[in-house]
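Take a look at the letters that make up each chain.
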Amino acid sequence: IPVFILAGLLVHCVFLVSIFDIYFSSPLVHGMTPQQTPLPPPAKRLVLFVADGLRADSLYELNSNNTPQAPYLRGILENNGSWGISHTRVPTESRPGHVALIAGFYEDVSAVAKGWKENPVEFDSVFNESKYTWSWGSPDILPMFAKGATGDHVYTFCYVAESEDFGAQDAAKLDMWVFDHVKSFFNSSRSNQTLFSALNEEKVVLFLHLLGIDTNGHAHRPNSREYKENIKKVDEGVKEIASMIENFYGNDGKTAFILTSDHGMTDWGSHGAGHPSETLTPLIVWGAGVNYPQKVTSQFFEDNFLKEWKLENLKRLDVNQADIAPLMASLIGVPFPLNSVGMLPLEYLNNSAHFKAESMFTNAVQILEQFKVKMSQKKETTLSFLFTPFNPLSDSEQINFLKKTRLYIQQQKYDEAVSLCKTLINLALEGLSYYHTYDRLFLGLSIALGFVGWTTYVILVIIKTHTNLTKTVQTNNKESTVLFYSFAFVGMIIAFFLLIQTCPWTYYIYCLLPVPVWYAVVRELPVIQDLATNLMSLHISQSIGFLLVCTLGIEILVFSFFYRSTLTIGLFVFAGWPVITQLWVQAKTTALIWTLLCVLLAIFPLMPVVGREPNIPLVIATGLLTFLISCFSLASLCKSENKYRNNEDLKVRFYQMLSIALSTYVVSSTHDSLKNKQGLPVLNQIISWMTLVSSSVLPLLSPTFLFQRLFSILLSLMSTYLLLSTGYEALFPLVLSGLMFVWINMEQEALQHYGLSFKPKLAVFNFAYATDITQFRQLHLDDIRRSFFFVFFIVTAFFGTGNIASVNSFDPASVYCFLTVFSPFMMGGLLVLKVVIPFVLVSCAFEAVQVTTQLSSKSLFLIVLVISDVMALHFFFLVKDYGSWLDIGTSISHYVLVMSLTIFMMLMNGLAQLLTTKRLELPRRTKHHST
């Protein structure tokens with residue numbers, strides 16, 4: 001039924017997109033008036049250094065011999081400036097980090113979908129408000145602030161993207177490039193009058209983006225010598241640039257300097273999630289208008305860094321990353337960026353109490369402006385009797401706050417004014433989020449309604465078409481027309497309500513989707529009645545027991561998304577399955593191997609996530625093991641003197657063994673070469689890409705007999721997987737596919753056990769002739785277990801070696817055999833391929849199970865659909881947009897994973913059919929010989 005599949009795809013796509021609309025629409029509003037402090041600013045110009053990927057502890061800690069990592073910066077925070085830790089939010093990537101620093105707001109998660117480079121939303125930034133901004137650095141970051149700027153006053157100087165090479169000699173040259181270009185820029189300005197006068201204007205920003213530390217961290221890990229050397233080089237560079245700029249302006253004391261970082265980095269050299277090593281970044285501010293170091297006797301922070309860094313007596317001033325934008329705006333006296341949600345960190349300012357109070361007032365008004373715009377937008381699109389405003393900030397309250405603050409400032413009660421402003425800012429931010437999430441409950445309920453309806457409908461379809469539980473029932477025409485019109489009427493009412501409120505078009509889809517879905521369910525009412533009478537005749541205890549087992553199974557799957565170890569429990573239960581069902585009596589050896597392999601596979605979810613500890617020798621050992629296994633199989637193939645063999649097949653098998661051996665060699669030589677900093681050898685790169693291409697074609701040349709074809713698929717995928725492995729995960733596909741082979745045999749035994757069919761000989765079973773419709777049988781309760789096994793194995797294939805949900809488990813090291821120059825889409829694609837390979841193995845095995853147990857693929861697939869939809873409904877209610885950003889990221893990715901799992905399984909199903917049944921014939925020479 002193609003209509004059914006299309007409807008299914010549509011419904012799932014709507015469910016998938018809905019979460020971004022409900023939880024993650026962009027919070028930005030437009031149309032505020034810029035707010036500026038009326039008093040003269042302390043600095044004429046600001047120099048911003050952003051050391052990409054620099055961790056707070058890497059900069060502040062002392063070396064083993066008690067000397068600082070960065071002597072110049074250490075001197076500054078001890079003698080001339082203020083310091084602290086800037087707390088970033090997740091996703092800890094370069095783009096959101098820079099947006100928070102320079103525009104003062106945290107980019108919403110919807111930007112993830114747009115990639116990190118272009119502007120998904122137009123926003124205002126400190127650069128845009130400045131008179132001139134000159135910036136030097138990476139082509140991934142600078143253009144996005146120039147593109148969003150009005151007029152032509154933000155200038156960028158970038159190096160070429162190819163310079164960002166993880167396998168290169170040393171990435172610190174990226175930073176040297178920036179420092180050298182800044183020096184030559186200032187030297188050239190002496191002979192260029194227009195540039196010279198532009199540099200001497202007020203409200204000038206110079207931005208130096210230093211990517212070397214990040215690139216070195218990815219390539220060598222943050223505890224490496226390279227990363228630390230790079231920090232030293234940056235320290236020297238900052239020192240030279242600072243003294244050069246001071247001299248250029250004749251030491252006029254009107255320059256402010258800020259050094260910070262966009263995000264940190266984990267010990268294994270990645271970033272993106274919410275681990276403290278990623279979210280704690282350094283902040284050092286010095287120069288015009290900035291406080292001198294403040295001595296304190298004791299200060300308390302939950303982390304125990306101060307003692308390690310020997311900085312207990314210097315006051316540490318922590319800020320949120322978005323607070324740095326208002327700080328910069330206040331130092332050079334430009335309007336605060338319009339969408340900024342940062343709160344000005346007053347302790348960094350060395351200025352009069354009056355200036356501080358005025359600045360804080362400006363900050364409060366600027367955030368309140370956003371609140372007002374957001375509120376009026378919501379008010380316009382809601383019917384007046386349905387609108388509930390945010391009470392703590394009603395119009396009278398707002399006026400009251402502003403009047404009071406102004407009065408305090410006039411009476412010179414500056415501290416009271418500041419604390420009032422802080423209260424107002426917090427209230428306005430709360431109100432912003434209140435209006436932003438205003439429609440959430442209503443949309444969430446309608447999506448959930450649609451979900452439940454859809455799942456019910458699929459269950460009814462299974463029962464109606466694939467089982468013997470119901471008799472065919474005649475439908476009454478008169479009733480069905482009444483039904484149709486009543487549902488149409490409900491739909492019209494809903495649409496009318498949305499129309500009055502001028503809702504966005506997506507709301508129509510979300511609210512109207514449940515109507516046709518439930519109409520389809522109610523139409524099958526006779527089937528439901530029939531089913532109910534059938535179920536009544538069963539024992540209550542049996543039905544309840546069955547339901548309990550089902551729920552438990554699905555809960556285990558849901559839990560495994562949060563705790564990988566749950567998979568281990570599941571696999572132990574699987575190991576005992578032959579014993580529970582008495583299957584082992586009739587097939588002792590098969591059952592024993594099954595139990596052994598289940599226990600072996602159960603070890604993987606207990607291992608740490610991939611990429612933490614690279615272990616190349618293990619990958620090489622796996623390559624050799626695979627080679628040995630294929631030798632054995634080749635020998636047994638040659639021994640079997642039968643009509644199923646010809647020399648072409650042996651050739652194909654031989655090529656596959658060769659590519660396994662080559663992959664093993666490439667992995668070892670590439671990693672040696674990178675260790676010695678010689679980059680990626682070209683020959684290895686060519687072999688890697690050729691292996692990748694051939695691995696998709698070779699299985700199609702092998703014979704279509706069940707085990708021969710499956711083994712051929714395993715060998716081809718394995719050669720690619722080895723190239724993408726860096727540690728123990730190389731063994732995973734081997735153990736998994738071993739279990740899959742045994743599973744196919746076990747299902748045969750189960751069939752016989754339940755007396756459902758005769759036993760076909762698996763050895764000579766041929767995929768190409770398997771689709772004889774007449775032999776399909778009806779569903780049996782055992783088939784629900786079969787589908788559950790499939791979903792469980794798919795989830796195991798996914799989480800067996802690590803959790804994809806955490807962005808930072810993507811380790812670039814696993815693609816070094818293919819490329820080392822940074823290219824997010826290419827690397828992403830290869831990493832996705834690595835995730836997909838175990839999937840393909842499971843899908844092909846499931847295809848074999850379907851065919852050998854004589855089931856139409858559709859009926860089993862529908863059961864799988866129900867299982868994954870029930871899981872998706874779970875995750876829909878677990879989606880968060882608050883709390884630690886790690887939780888948010890994980891909850892989204894879980895929901896997206898489960899939703900795409902169904903769409904993905906459809907694709908996998910098709911791919912598995914192609915891989916198992918199609919055969920490419922090579923043109924052969926015909927031999928003339930008499931018979």
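The structure contained in this document is the topic of the report that follows. (Residues numbered from 1 in each chain as written. Predicted model: local features only at pLDDT ≥ 70, side-chain atom pairs only at ≥ 80, totals over all residues. Heavy atoms only, no water.)

1. Describing the overall build of the protein chain
No. 1: Scanning the protein chain from terminus to terminus reveals 35 helices and 8 strands.
No. 2: Considering the protein chain as a whole, with its 931 residues, one finds that 56% of them fall into the buried category.
No. 3: Counting contacts in the protein chain only where the partners sit at least 6 residues apart, residues at least 24 apart contribute 80% of the total.
No. 4: For the protein chain, the exposed area adds up to about 40600 Å²; of that, 64% sits on carbon and sulfur atoms. (Helix = DSSP H or I, 4+ residues; strand = E, 2+ residues; numbered from the N terminus. Buried < 20%, exposed > 50% of the residue type's maximum accessible area, 1.4 Å probe, protein only. Contact = heavy atoms within 4.5 Å. Areas by Shrake-Rupley, 256 points an atom, 1.4 Å probe, with all protein chains shown as cover.)

2. Remarks on helix H33 (residues 824-852)
Along an α-helix, a turn takes 3.6 residues, which lines up residues three or four apart on a common side.
No. 1: Relative to the 42 Å expected for 29 residues at 1.5 Å per residue, H33 spans 42 Å between its end C-alpha atoms, a close match to the ideal helical length.
No. 2: Of all the bends in H33, the greatest reaches close to 30° and is centred on Val 836; the proline Pro 838 follows between one and four positions later.
No. 3: With 22 of its 29 residues buried, H33 lies for the most part within the structure.
No. 4: A positive backbone phi angle near 55° is found at Gln 854, which sits one or two residues after H33. (Expected span 1.5 Å × (residues − 1). Bend = angle between axes of the 7 residues up to and from the residue.)

3. Focus: the environment of Leu 596
No. 1: Within the fold, Leu 596 resides in helix H26 (residues 588-601).
No. 2: Its relative accessible area of 57% is what places Leu 596 among the exposed residues.
No. 3: Put simply, Leu 596 and Phe 572 are 24 residues apart on the chain and 10.0 Å apart in space, counted from C-alpha to C-alpha.

4. Thoughts on the sheet that holds strand S1 (residues 45-51)
No. 1: One open sheet accounts for 8 strands, arranged S4-S3-S5-S1-S6-S7-S2-S8; its pairing is mixed. Unpaired on one side and paired on the other, strand S4 (154-158) and strand S8 (319-320) mark the two borders of the sheet.
No. 2: Running over the sheet, helix H11 (residues 225-248) touches S1, strand S5 (204-210), strand S6 (255-260) and strand S7 (280-287) and is turned about 170° from S6. (Pairing = 2+ DSSP bridges. Axes fitted to C-alpha atoms, helices over the stretch in contact; angles between N-to-C directions.)

5. With respect to the pattern of salt bridges
No. 1: Under the defined criterion, the tally for this structure stands at 17 salt bridges.
No. 2: Among the ionic pairs, Arg 786 bridges to Glu 747, the shortest N-O distance being 2.7 Å. Within this pair, whereas Arg 786 is found in helix H32 (residues 781-799), its partner Glu 747 is found in helix H31 (residues 732-753), the two being separated by 39 residues in sequence.
No. 3: Given a relative accessible area of 0%, Glu 747 falls into the buried group.
No. 4: The structure contains a network of salt bridges with shared partners spanning Glu 747, Asp 783, Arg 785 and Arg 786. (Salt bridge = Lys/Arg side-chain N within 4 Å of Asp/Glu carboxyl O.)

6. Describing the environment of Asn 350
No. 1: Within the secondary structure, Asn 350 is located in the loop between helix H14 (324-332) and helix H15 (353-380).
No. 2: Classification of Asn 350 as partly exposed rests on a relative accessible area of 37%.
No. 3: A C-alpha to C-alpha distance of 7.6 Å links Asn 350 and Tyr 292, two positions 58 residues apart in sequence.
No. 4: Discounting chain neighbours no more than four positions away, the residues touching Asn 350 are Gly 289, Val 290, Asn 291 and Tyr 292.

7. Observations concerning the pairing of S5
No. 1: Of all 7 residues in S5, 7 are buried; the element is thus mostly enclosed.
No. 2: Covered by surrounding structure in S5 are Val 204, Leu 206, Leu 208 and Leu 210 together with Val 205, Phe 207 and His 209, the residues of both alternating faces.
No. 3: In terms of strand pairing, S1 meets S5 through 7 bridges, oriented parallel. Residue Leu 48 lies in a different strand from S5, and its bridge partner there is Phe 207.
No. 4: When strand S3 (residues 132-137) meets S5, the two strands line up parallel, connected through 5 bridges. Residue Thr 133 lies in a different strand from S5, and its bridge partner there is Val 205.

8. A closer look at the nonpolar core
Here is a general trend for soluble globular proteins: nonpolar side chains tend to be buried in one another's company.
No. 1: In this structure, Phe 574, Trp 594, Leu 710, Trp 743, Phe 793 and Tyr 895 are the most contacted members of the largest nonpolar core, which totals 133 residues.
No. 2: Residue contributions to this core peak at 16 residues, all from H33.
No. 3: Ignoring any residue separated from it by four or fewer positions in sequence, one finds Leu 710 in contact with Phe 741, Ile 744, Phe 767, Cys 844, Ala 848 and Thr 916.
No. 4: Core analysis: the second largest hydrophobic core is formed by 67 residues, Val 126, Ile 324, Phe 387 and Tyr 438 among them. (Core = buried A, V, L, I, M, F, W, Y, C linked by side-chain atoms within 4.5 Å.)

By themselves, these figures tell us nothing about what the structure is for.
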